Amino acid sequence: KNELAALQVEYETEKTQRLLAEERERAAREEKKNSQNQLVLESRKKWLFIVVALALGLAGIAIWVYRFQKIKRRNEKREYELNKQLETVVLEKGFAEEKIRIARELHDNIGSHLTFIISSLDNLGYEKNPDAKLDKIGDLSNFGRLTMKDLRDTIWAMNHDGGTIE
């Protein structure tokens, strides 16, 4: 009986040791599984962080591009307006220079007409034929009227406010 009891104790001990070994193996598997789950979670956290960082980076780049384009459009608009103003100033300057040129030309033209009228009137004193004198006086009168009309038309055109640069 002692042998049977010893065998039974030995059997129970081996059974307990086998159960303990199985339990340790199961615990080791569980620990390995938990460790793998931890690694997967850490990997997912890293990927999530990378994706969020990339999304924020792309959003930042998009905002920067938008602002850059907005500033660029504003500068182009400002440059266009300045060029338009410059073009207008250049045209107005040209218009003013043309008016000055016309005024000089008018002065020279009217001056020569008046000189012609004066010299023709002076020469009338030497004319002996009264009919020829009257004809020359009539011609000079008409020439003076035409000169006056040209002068008035030119002055009206230069002083007329309705005109545009075009």
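A. Molecular detail of the pattern of salt bridges. Under the counting rule described, the total for this entry stands at six salt bridges. Between Glu-98 and Arg-101 there is a salt bridge; the shortest N-O distance is 2.4 Å. Here Glu-98 pairs with Arg-101, and both are found in helix α1 (residues 2-124), just three residues apart, close to one helical turn. A relative accessible area of 38% places Arg-101 in the partly exposed class.

B. Representation of the environment of Arg-73 in the model. Its place among the elements puts Arg-73 in helix α1. Take Arg-73: its relative accessible area is 46%, and that puts it in the partly exposed class. Sequence separation of Arg-73 and Ser-120 is 47 residues, and the distance between their C-alpha atoms is 69 Å.

Rules of the game
Residues numbered from 1 in each chain as written. Predicted model: local features only at pLDDT ≥ 70, side-chain atom pairs only at ≥ 80, totals over all residues. Heavy atoms only, no water. Salt bridge = Lys/Arg side-chain N within 4 Å of Asp/Glu carboxyl O. Helix = DSSP H or I, 4+ residues; strand = E, 2+ residues; numbered from the N terminus. Buried < 20%, exposed > 50% of the residue type's maximum accessible area, 1.4 Å probe, protein only.

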